[in-house]
Amino acid sequence: MFTLVSSEVLDDWKRLAARVRDTLAEAGLPVAVENEPDYFAGVTVDVDPGDDEAGGVFVLWRPHRRLGNAVAESVTEQRTDDPVLHHFGAIAEAMRQAAWSILDSAGFTVADPHTDYRPLQLQVVAGPPE
């Protein structure tokens, strides 16, 4: 049965997510804006409220929609050898490592997610003292 974390934990995660977003933006990384489809590229910081290993604060790199659409088309058409998939994977891994390095330098505790549902993402476990 799926359960949610307490409201106190969720509030803590939301504050942590805001600090993560601000830290990455201060480093110069663009932050994806969900309500602006043309600008929905860059760092996305997601809070999953689940009370399981998939819950917590996660960082994902979103490419521009042109690349995202090309990847989706390749996957839908099962073109697993399409160079765009390799290109996307290389970009996602490079940006994941960049975000990891920036957050680690700023004092955040970062880890690989303990779930297969978040490939090429990172989990932020804790922030530096405020």
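You'll find the structure just up there.
Residues numbered from 1 in each chain as written. Predicted model: local features only at pLDDT ≥ 70, side-chain atom pairs only at ≥ 80, totals over all residues. Heavy atoms only, no water.

S.K.: Sorry if this is basic, but what is going on with helix α2 (residues 65-76) here?
M.R.: Since the α-helix packs 3.6 residues into each turn, any two residues three or four apart lie on the same face. Between its first and last C-alpha, α2 extends 16 Å over twelve residues, near the 16 Å set by a 1.5 Å rise per residue. Those residues of α2 that sit buried are L67, V71 and S74. Angular distribution of buried residues about the axis of α2 spans 65°; they occupy a single face of the element. Structural note: α2 exposes R66, N69 and T76 on the side pointing more than 90 degrees away from its buried face. Of the surrounding elements, those touching the buried residues of α2 are α3 (83-105). (Helix = DSSP H or I, 4+ residues; strand = E, 2+ residues; numbered from the N terminus. Expected span 1.5 Å × (residues − 1). Buried < 20%, exposed > 50% of the residue type's maximum accessible area, 1.4 Å probe, protein only. Arc of directions from axis to C-beta. Contact = heavy atoms within 4.5 Å.)

S.K.: How do you make sense of the nonpolar core when you look at a structure like this?
M.R.: Membership of the largest hydrophobic core comes to 17 residues, with the highest contact counts inside it found for V20, L24, V59, L103, F108, L122 and V124. With five residues, helix α1 (residues 7-26) is the single largest residue contributor to this core. In this view, L24 contacts L29, V43, V59, A99, I102 and L103; residues no more than four positions away in its chain are not counted. (Core = buried A, V, L, I, M, F, W, Y, C linked by side-chain atoms within 4.5 Å.)

Keep in mind that these numbers describe shape and distance, not what the molecule does.
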